Amino acid sequence: QHFSRHHQHSSILQHQISMAPLNVGIVGATGAVGKEIIGCLETCRSFPIDNLRLFGSKRSAGRKIDTSKFGNITIELFSEDSARECDVVFLAVDGDFSLAHAENICKGDDGAIVIDNSSAFRYKE
């Protein structure tokens, strides 16, 4: 079941990339890993992005991050519902946060594709 779900998401992602730019979110955008993901997305030409949303904690929400490719972006307070509005969500957070939220973000046919940078699901089948 895990493989078929992963394969289904991979097929959806390939279809979406070939058809239209994506709505992408980064959770933990103000941390070192989040900043690195922003930098990678700014230089990548083969990953079409229509809209980049940045999510953070109460402390970070409302701050603005200036990007060269996506302009000035206001950090939004993270919520699972907001993250689910994205096509693809990068999690640049610790494993406990990923365990608490990743599966809810991608649950169902209307969930986002989640790319988790933590070790939380590394050995999960």
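The preceding data block contains the structure.
Heads up: these notes are all about the structure in this document. Fair warning: this is a prediction, and the values are worked out from it, not measured in the lab.

**What about the overall build of the chain?**
Here is step 1 of the chain: When helices and strands are counted, the chain shows four helices and seven strands.
Here is step 2 of the chain: Secondary structure of the chain in N-to-C order comes out as α-β-α-β-β-β-β-α-β-α-β.
Here is step 3 of the chain: The 125 residues of the chain split such that 36% are buried.
Here is step 4 of the chain: Taken as a whole, the chain presents about 7600 Å² of accessible surface, with 50% of it coming from carbon and sulfur.

**Here's the deal with the pattern of salt bridges**
Here is step 1 of the chain: Per the counting criterion, the structure on display carries three salt bridges.
Here is step 2 of the chain: Notably, a salt bridge pairs R84 with D110, separated by 2.6 Å at the nearest N-O pair. Of this pair, R84 sits in helix α3 (residues 80–84) while D110 sits in the loop between α4 (95–106) and β7 (113–116), and the two are 26 residues apart along the sequence.

**Remarks on the environment of I37**
Here is step 1 of the chain: Its place among the elements puts I37 in helix α2 (residues 32–43).
Here is step 2 of the chain: Residues I37 and A92, spaced 55 residues apart in sequence, show a C-alpha to C-alpha distance of 8.2 Å.
Here is step 3 of the chain: Beyond its immediate sequence surroundings of up to four residues, I37 is in contact with I26, F90 and A92.

**Details of the nonpolar core**
Here is step 1 of the chain: Core analysis: the biggest nonpolar cluster contains 19 residues, and V24, I26, L41, L52, L54 and F90 have the highest contact counts within it.
Here is step 2 of the chain: At the level of secondary structure, the elements contributing two or more residues to this core comprise β1 (22–27), α2, β2 (49–56) and β6 (88–91).
Here is step 3 of the chain: What F90 contacts, discounting residues up to four positions off in sequence, is V24, G25, I26, V27, I37, L41, F47 and I115.
Here is step 4 of the chain: Grouped together as the second largest cluster of nonpolar side chains are ten residues, F78, C86, A102 and I105 included.

**Structural notes on α2**
Here is step 1 of the chain: The end-to-end C-alpha distance of α2 is 17 Å, a good match for the 16 Å that twelve residues give at a rise of 1.5 Å each.
Here is step 2 of the chain: All buried positions along α2 are accounted for by G34, I37, I38 and L41. Buried positions in α2, seen along its axis, are confined to an arc of 100° and lie on one side of it. Opposite its buried face, α2 presents the exposed residues A32, K35, E36 and T43, each directed more than 90 degrees away.
Here is step 3 of the chain: On the buried face of α2, the contacting elements are β1, β2, β3 (64–67) and β6.

Basis of the calculations
- Residues numbered from 1 in each chain as written.
- Predicted model: local features only at pLDDT ≥ 70, side-chain atom pairs only at ≥ 80, totals over all residues.
- Heavy atoms only, no water.
- Helix = DSSP H or I, 4+ residues; strand = E, 2+ residues; numbered from the N terminus.
- Buried < 20%, exposed > 50% of the residue type's maximum accessible area, 1.4 Å probe, protein only.
- Areas by Shrake-Rupley, 256 points an atom, 1.4 Å probe, with all protein chains shown as cover.
- Salt bridge = Lys/Arg side-chain N within 4 Å of Asp/Glu carboxyl O.
- Contact = heavy atoms within 4.5 Å.
- Core = buried A, V, L, I, M, F, W, Y, C linked by side-chain atoms within 4.5 Å.
- Expected span 1.5 Å × (residues − 1).
- Arc of directions from axis to C-beta.

Any functional reading would require information beyond the geometric quantities listed.
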